[in-house]
Amino acid sequence: MHRSLFILLVLGFLTGHSYAAGEKPGPVAYVTVETRDMTIEFAGDRAWTISRILHKGAIITDRTGFYGTVFLPVGGKWIGTGHNEGGVEKVTSAVLTVDGKACELKDKAVYRGQHAELRKQSMMGTIKLEAIYTVMEDRVIEQHRYETTEEVKIGVLYGFMHPFLPTTTEWMAEKADGTSVEGIFDSMGGHQLREDVKWTAIHDPKSQRATLVWYPKTLVGQGMKTFYWDKTVYHKLYNHLYSNATVAAGTKFEAEVVLRCIETDTAMWKKKTRALAKETSASVQ
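To keep things clear, this report deals only with the structure shown in the data block. Since we're looking at a predicted model, the values are computed, not measured.

What follows is about the sheet that holds strand β9 (residues 116-124). Each strand in a sheet pairs with another by means of backbone hydrogen bonds, the pair being arranged parallel or else antiparallel. The strand order β7-β6-β9-β10-β11-β20-β17-β16-β13-β14 describes an open sheet built from ten strands, whose pairing is antiparallel. At either end of the open sheet lies a strand with only one pairing partner, and these are β7 (101-103) and β14 (180-184). Neighbouring strand axes in the sheet, compared pairwise and without regard to direction, differ in orientation by 15° on average. This element, helix α2 (residues 269-284), spans β13 (170-175), β14, β16 (197-204), β17 (209-214) and β20 (252-263) of the sheet and lies at about 35° to β17.

This part takes up the layout of surface pockets. For the second largest pocket, the calculated volume is near 300 Å³. Along its surface, the second largest pocket is lined by 14 residues, and Lys217, Leu219, Glu254, Ala255 and Glu256 are the ones closest to its centre. Counting only elements with at least two residues in the lining of the second largest pocket, the list comes to β11 (140-148), β19 (235-247) and β20. A total of four residues in the lining of the second largest pocket trace back to one element, the largest contributor, which is β20.

Per the stated rule, a full pass over the model turns up eleven aromatic pairs. Aromatic side chains Trp171 and Tyr228 sit 6.0 Å apart centroid to centroid with 35° between the ring planes, which places their arrangement in the tilted category. Of this pair, Trp171 sits in strand β13 while Tyr228 is found in strand β18 (residues 226-230), placing the two residues 57 residues apart along the sequence. Its relative accessible area of 5% is what places Trp171 among the buried residues.

Here is what the cut-offs are and how they apply
- Residues numbered from 1 in each chain as written.
- Predicted model: local features only at pLDDT ≥ 70, side-chain atom pairs only at ≥ 80, totals over all residues.
- Heavy atoms only, no water.
- Pairing = 2+ DSSP bridges.
- Helix = DSSP H or I, 4+ residues; strand = E, 2+ residues; numbered from the N terminus.
- Axes fitted to C-alpha atoms, helices over the stretch in contact; angles between N-to-C directions.
- Contact = heavy atoms within 4.5 Å.
- 1 Å grid on protein atoms, 1.4 Å probe; cavity = no way out; pocket = protein on both sides within 12 Å on 5 of 7 lines; lining within 4 Å.
- Points joined across faces, edges and corners; volume = space filled by probe spheres on them.
- Phe/Tyr/Trp six-rings, centres within 6.5 Å; stacked < 30°, edge-to-face > 60°.
- Buried < 20%, exposed > 50% of the residue type's maximum accessible area, 1.4 Å probe, protein only.

Here is the structure:
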């Protein structure tokens, strides 16, 4: 096998990318939105989901994994965002506005402003998705609204995914009952947290950043609930909304998350993050 092809295949396996032949959910195009603190990259071939997040120039999450919603029907294969093993997520509409002005979704475009919004509508098999990604000066808000068009047997449905850099070393969270939990990453492939949470946060001592993932409504999940997949390539946060569940036709459900970052050293990251969580809660009430 040619060396370059071998490297590509290995990287595809390690990062979880699907290099399966066939239709893609959109064009190979990257569109970037920049505000005062946040830089968000969206990818067309990932069904116009996020593909990279930066805070004041520091990478928080990268292209090493998929974002957004992914769905595994019972007896089927993955569909959604960049996964096409079970069929592609069919985007029916995708509209980007920056400070109220419509912007073209063209490759390598960079738009700067104070308030950006990407709205898309799509179908993942029999599940209809409306996604709204709002980029503000100091945060990103991700809103997903779902509707089943017929009865569906869901093996797994992850509402949100965020592949944090493997340089992150610690996490903490506030559970639905108000108690706190925390842990240390070892990159050994295990699953950490596995709880319904009000918020969770992760620290990267290399970039001197902490990232808060805050839920306006505590996400009540199934299966592993909210968890980190603790791998060498990323420390990826999942929200496991459905697990081995039969969902009736016409069922509507939704999920929302707010992502914010702060600069902090290791000694102060937990204290500063708790303060940020409290501030975030007050700012959206």
